[in-house]
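Residue-level listing of the chains:
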Amino acid sequence: SSVLLLGFLGDWSLLRLVLSVSVPVAAVLEGIRIRYPPVRDGFSRLVPVFRPSEAARPSGAFWLLVGYAAAVWFPETPAAAGVLAGALADPAASLVGSRWGGGERKSWIGTAARWPGPADDNLIIPPGVAVCVWMLA
């Protein structure tokens, strides 16, 4: 999804439109996935990215989409910084965790490479970076 979003970076109005439509559609799909185990199992086979802890809650991918949607409503430079931070931070944390996390799928060291707070870091990082860049501009 990050690669697709980066392709829209030249046209902010199109990206805002796509994300404005995508978030409610994704929210409905997440609700169906969470509520109906056969659908959840089908999604997991089709797109094997869901963690066991995401069986009863929205996935990290959903929160990343919402984070992107929030970030792109800032002016272009802060928005680009937020989207890029979200697109790069998750793979970076995965690399840190897989390299120094003892081979676990989710390790404390990979988590420490990102947001340690109670909210999903995929939701916090894109708009958080956008806010910081916007305030510093």
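That block above? That's the structure.
Each chain carries its own residue numbering, running from 1 in the written order of its sequence. Totals for whole chains, interfaces and linings use all residues, but because this is a predicted model, local features are given only for residues with pLDDT of at least 70 and pairs of side-chain atoms are given and counted only at 80 or more. To obtain the side-chain values, all non-hydrogen atoms of the structure were used and water was disregarded.

**Student:** Tell me about the overall build of the protein, residues and numbers included.
**Tutor:** Counting from the N terminus, the helices are the DSSP runs of H or I reaching at least four residues and the strands are the DSSP runs of E reaching at least two. If you tally the helices and strands in the protein, you get 7 helices and 0 strands. Reading the secondary structure of the protein in the N-to-C direction produces α-α-α-α-α-α-α. Residue burial in the protein is summarised as follows: out of 137 residues, 34% are buried. Note on contacts: a residue pair qualifies if any of its non-hydrogen atoms lie within 4.5 Å across the two residues. Here the analysis covers contacts within the protein between residues at least 6 apart in sequence; of these, 63% occur between residues at least 24 apart. Total accessible area on the protein stands at roughly 8,200 Å², and carbon and sulfur atoms take up 70% of it. Between buried and exposed lies partly exposed: a residue is buried under 20% and exposed over 50% of the maximum accessible area for its type, with that area taken using a 1.4 Å probe on protein chains only. What sets the accessible areas is the Shrake-Rupley method with a 1.4 Å probe; for residues, cover comes only from the shown protein chains.

**Student:** How would you sum up the packing of helix H2 (residues 12-35) against helix H4 (residues 60-71)? Please name residues and give values.
**Tutor:** For helices, the fitted axis covers only the stretch in contact; all axes are lines through C-alpha atoms, and the angles between them, taken along N-to-C directions, range from 0 to 180 degrees. Running from N to C, H2 and H4 point in directions that differ by 155 degrees, and their axes come no closer than 10 Å. Classed by the angle they form, the pair H2 and H4 counts as roughly antiparallel. Handedness of the crossing formed by H2 with H4: left-handed. Residues Leu19, Ser22, Val23, Ala26, Ala27 and Glu30 of H2 form the contact with H4, whose participating residues are Phe62, Leu65, Val66, Tyr68 and Ala69. Here the contact of H2 with H4 is built from residues that sort into 9 nonpolar, 1 polar and 1 charged. Note on angle classes: values under 35 degrees are labelled roughly parallel, values over 145 roughly antiparallel, values of 65 to 115 roughly perpendicular, and the remainder oblique. Two helices cross in a left-handed way if the nearer one is turned anticlockwise from the farther one by less than a right angle. They cross in a right-handed way if the turn is clockwise. Under the scheme applied here, ten amino acids are nonpolar (Ala, Val, Leu, Ile, Met, Phe, Trp, Tyr, Cys and Pro), four are charged (Asp, Glu, Lys and Arg), and all others, including Gly, are polar.

**Student:** Help me get a handle on the packing of H4 against helix H7 (residues 121-136), residues and values and all.
**Tutor:** Put simply, H4 and H7 touch, their axes get as near as 6 Å, and they point 15 degrees apart. One finds that H4 runs roughly parallel with respect to H7. The chirality of how H4 crosses H7 is right-handed. In this structure, H4 contributes Gly60, Ala61, Trp63, Leu64, Val66, Gly67, Tyr68, Ala70 and Ala71 to the contact, and H7 contributes Asn122, Leu123, Pro126, Pro127 and Ala130. Residue classes in the contact of H4 with H7 are distributed as 11 nonpolar, 3 polar and no charged.

**Student:** Any chance you could break down a nonpolar patch on the surface for me, citing the residues and the numbers?
**Tutor:** In this analysis, a patch consists of residues with relative accessible area above 30% that form no salt bridge, clustered at 9 Å for like charges and at 5 Å for the nonpolar side chains Val, Leu, Ile, Met, Phe, Trp and Tyr. Any carboxyl oxygen of Asp or Glu within 4 Å of a side-chain nitrogen of Lys or Arg constitutes a salt bridge here. There is a patch of nonpolar side chains on the surface, built from Leu14, Leu17, Val21, Val25, Val28, Leu29, Ile32, Tyr36 and Val39 and spanning about 740 Å² of accessible area. Looking at the nonpolar patch element by element, the count peaks at 7 residues for H2. Mapping Leu17 onto the fold places it in helix H2. On the accessibility criterion, Leu17 (51% relative accessible area) is exposed.

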